[in-house]
Amino acid sequence: MKRCILTTLFALLAFLIVACDKGDNGAIPRDYDPRGLVDARCTHLENLDEHWQPVWCDEFDVDGLPDPTRWGYDVGGGGWGNRELQYYTRANLNNAFVEDGRLHIRAIRESFMGNDYTSARLVSKYYGDWLYGRIQVSARMPSGTGTWPAIWMLPTNRVYGNWPNSGEIDIMEYVGYDPGVVHGTIHTGAFNHMQNTQIGFRRTVPTAETAFHVYEMIWEPARIRLFIDGDLFATFGFNPLMHPERNTSDLWPFDQPFHLILNLAVGGDWGGQRGVDPDAFPTTLEIEYVRVYQKDYAGLDREAPSAPTQLIEQSVGHDRARLRWTHATDDVMVRHYNLYVDGTLVDTTTVNAHLFTGLTPGSTYVLEVEAEDFAGNTSSRVALPVDTAPVRLATERIRAAVHDGFSGVSFEATDDEGGGVHVSGFDEDDWIDYWLEVPESGQYRVHYRVASAVDGGQVAINVMPQWLPRFTVDVPNTGSGQQFTTVTSDPMQLSAGVHRIRIRALSGGFNLNWFEFERMVE
């Protein structure tokens, strides 16, 4: 039954929380308002667990179209990137309507705008966008093979780029061909279904289609938890030991505002894996309420956080260094970590690792980390000196196997001069990277030591971050992968300084033992 007013008992409790002085150990500040965040439309809702305040809600208590001050629509067909079959309509009472205290999102079998079904996709974007919070949605799933309802979130501003780089949070997904099984998943640049690396959990809910259940998310810095009817079934967090070569936003982009999406898809890569039963339509996703709660972390805070501990260098390169540390603690919650290079604030992160970039090769830096809470209190800084890797001179002979990164190639023992190992299997679009210093500006040509047992290929250099191939030269068929010859490019201009050089196969395949730049005498 939906509440309309606060109870007298709760109002009295709220007054006592504000008025009482609890002393210095974990006391709630005198100016803390336990209802200070409550939206005027949600005053009928009590706080959850004392401090979670209702900041946004829809009880679906007015019949007709969904409230236009709370919901917008994603509109269109064309598959939505998943080969879905429906066309999402805008403000169409056949597909999205409120009746008897419930939101109905209905998928209908009908031809419309080149699609075989219609449905609706409601979005809170610009009406409700949140960074952290507790979301509860009471819903009953539709039935039928080919249905694919979801309660999920996308980033509002896509700070880290297009999907999946800025993240996706699937609070609940359900596919009709697998009745009674509920899924919760996150997607990021490193973890997503396009690479089959998404991170997800599942829970059996036998009455998902016949009864209402509360699908809930609690999202706080560096952690997301999912619940069904109050029972935890999924926990997502950041692991600093995974992918230390990548920016942390590729693994955990969940430090920006997201908005809520409610939709019912038909078919698609997942929902339609076992076909679509046309006789199952029309079918409806029903929702009793959507409630969003947040905490006044700053108002609750009384103490500065502790300093991070165990600051460790995970990896270091020519222009970057990755550090990790053990999380700081706070009387309420750490908001983020401030990151410094030689005393200058360069970035923040909510997780306990960071990839510092833009460093100068062959240099010493002092990298520092400090914790900051929601009240703006900061810990002492923890420092670690780091030496970036030096670079080699481009005019020296560079052994190809001594590299700074590669894609697609392999390595094998060589019979060529100098012995050791050469790079093998250079095929089209394979590459290998080097950090090199060009001592002075001028015209240069490149000598490549190559071998090929097939039709040869073409090798070139990209001077990063530019992608135009330079110093391009054809690789001949030498008759054997161990029979090397030297080929030389035409001269080209290079500027002095440290460069990231990428040797790339424009066509292949061939082997590479060494290369060197020669400055042309004017």
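Refer to the preceding data block for the structure.
Residues numbered from 1 in each chain as written. Predicted model: local features only at pLDDT ≥ 70, side-chain atom pairs only at ≥ 80, totals over all residues. Heavy atoms only, no water.

Draft legend 1. Molecular detail of the overall build of the protein. Along the backbone of the protein there are three helices and 38 strands. Taking the principal axes of the C-alpha coordinates as reference, the protein spans close to 90 × 65 × 40 Å. Per-residue burial for the protein yields a buried fraction of 52% across its 522 residues. In the protein, of all internal contacts separated by at least 6 residues, the share reaching a separation of at least 24 is 69%. Split by element, the accessible area of the protein, about 22,900 Å² in all, is 48% carbon and sulfur. If the 41 positive side-chain charges of the protein are averaged to one point and the 70 negative ones to another, these points end up 2 Å apart. (Helix = DSSP H or I, 4+ residues; strand = E, 2+ residues; numbered from the N terminus. Buried < 20%, exposed > 50% of the residue type's maximum accessible area, 1.4 Å probe, protein only. Contact = heavy atoms within 4.5 Å. Areas by Shrake-Rupley, 256 points an atom, 1.4 Å probe, with all protein chains shown as cover. Lys, Arg positive; Asp, Glu negative; His and termini not counted. Charge placed at Lys NZ, Arg CZ, Asp CG, Glu CD.)

Draft legend 2. Structural view of the sheet that holds strand S24 (residues 364-373). Within the open sheet, the four strands sit side by side as S22-S21-S24-S25. Their pairing is antiparallel. Edge strands, defined here as strands with exactly one partner in the open sheet, are strand S22 (344-349) and strand S25 (382-387). The average undirected angle you get between the axes of adjacent strands in this sheet is 25°. Pairing geometry for S24 and S25, over six bridges, is antiparallel. Its bridge partner being in S25, Val366 is matched across the sheet by Pro385. (Pairing = 2+ DSSP bridges. Axes fitted to C-alpha atoms, helices over the stretch in contact; angles between N-to-C directions.)

Draft legend 3. View of the state of the cysteines. A complete count under the given rule lists one disulfide for this structure. The residue that forms a disulfide with Cys42 is Cys57, at a sulfur-sulfur distance of 2.2 Å. Residues Cys42 and Cys57 share a disulfide whose torsion about the S-S bond is about -115°; that sign makes it left-handed. Placement of Cys42 in the loop between helix H1 (8-19) and strand S1 (53-58) and of Cys57 in strand S1 is noted, with a sequence separation of 15 residues between them. Cys57 matches Cys42 in its accessibility class, with the two residues each being buried. (Disulfide = S-S within 2.5 Å.)

Draft legend 4. Structural detail: the pairing of strand S34 (residues 470-475). In this sheet, S34 lies alongside strand S33 (residues 457-463) in antiparallel orientation, the contact comprising four bridges. Counterpart to Ile461 in the pairing with S34 is Arg470. Between the end of S33 and the start of S34, which pair antiparallel, lie six residues.

Draft legend 5. Inspection of the side chain of His213 at higher detail. Relative to the elements of secondary structure, His213 occurs in strand S14 (residues 213-220). If sequence neighbours within four positions are ignored, His213 has contacts with Val137, Ser138, Ala139, Val205, Thr207, Ala208, Ile228 and Asp229.

Draft legend 6. Layout of the environment of Asn115. Tracing the backbone shows Asn115 in strand S6 (residues 115-119). Residue class for Asn115 comes out buried when judged on its relative accessible area of 9%. Considered as a pair, Asn115 and Pro164 are 49 residues apart in the sequence and their alpha carbons are 26 Å apart. If near-sequence neighbours (up to four positions away) are discounted, Asn115 is found in contact with Gly77, Gly78, Leu85, Gln86, Tyr87 and Glu110.

Draft legend 7. Summary view of the environment of Ala383. Structurally, Ala383 is set in strand S25. The exposure class of Ala383 is partly exposed, given its relative accessible area of 44%. Sequence-wise, Ala383 and Tyr365 are 18 residues apart; in three dimensions their C-alpha atoms are separated by 10.0 Å. Contact partners of Ala383, with chain neighbours within four places excluded, come to Leu311, Val366, Leu367 and Glu368.

Draft legend 8. Examining the environment of Leu103 more closely. Turning to its location among the elements, Leu103 is positioned in strand S5 (residues 102-112). Along the primary structure Leu103 and Gly64 are separated by 39 residues, whereas in three dimensions their C-alpha atoms are 9.3 Å apart. Not counting residues within four places of it along the chain, the set of residues in contact with Leu103 comprises Phe60, Pro66, Phe97, Val98, Leu122, Leu262, Leu285, Glu286 and Ile287.

Draft legend 9. Inspection of unusual backbone geometry at higher detail. Along the chain, Phe281 connects to Pro282 via a cis peptide bond; the corresponding omega equals 5°. By secondary structure assignment, the location of Pro282 is in the loop between strand S17 (258-266) and strand S18 (283-294). Each neighbour pair has its own omega, and for Met464 with Pro465 the value is 10°, a cis peptide bond. Structurally, the position occupied by Pro465 is in the loop between S33 and S34. Within the chain, Arg83 stands out as a residue other than glycine whose phi angle is a positive 60°.

Draft legend 10. Region of interest: the side chain of Arg470. Along the chain, Arg470 turns up in strand S34. Within the buried set, Arg470 has no salt-bridge partner at all; the shortest N-O distance to an opposite charge, 12 Å, is to Asp490. Once residues lying within four places of it in the same chain are set aside, the contact partners of Arg470 are Tyr448, Ala460, Ile461, Val463, Met492, Gln493 and Leu494. (Salt bridge = Lys/Arg side-chain N within 4 Å of Asp/Glu carboxyl O.)

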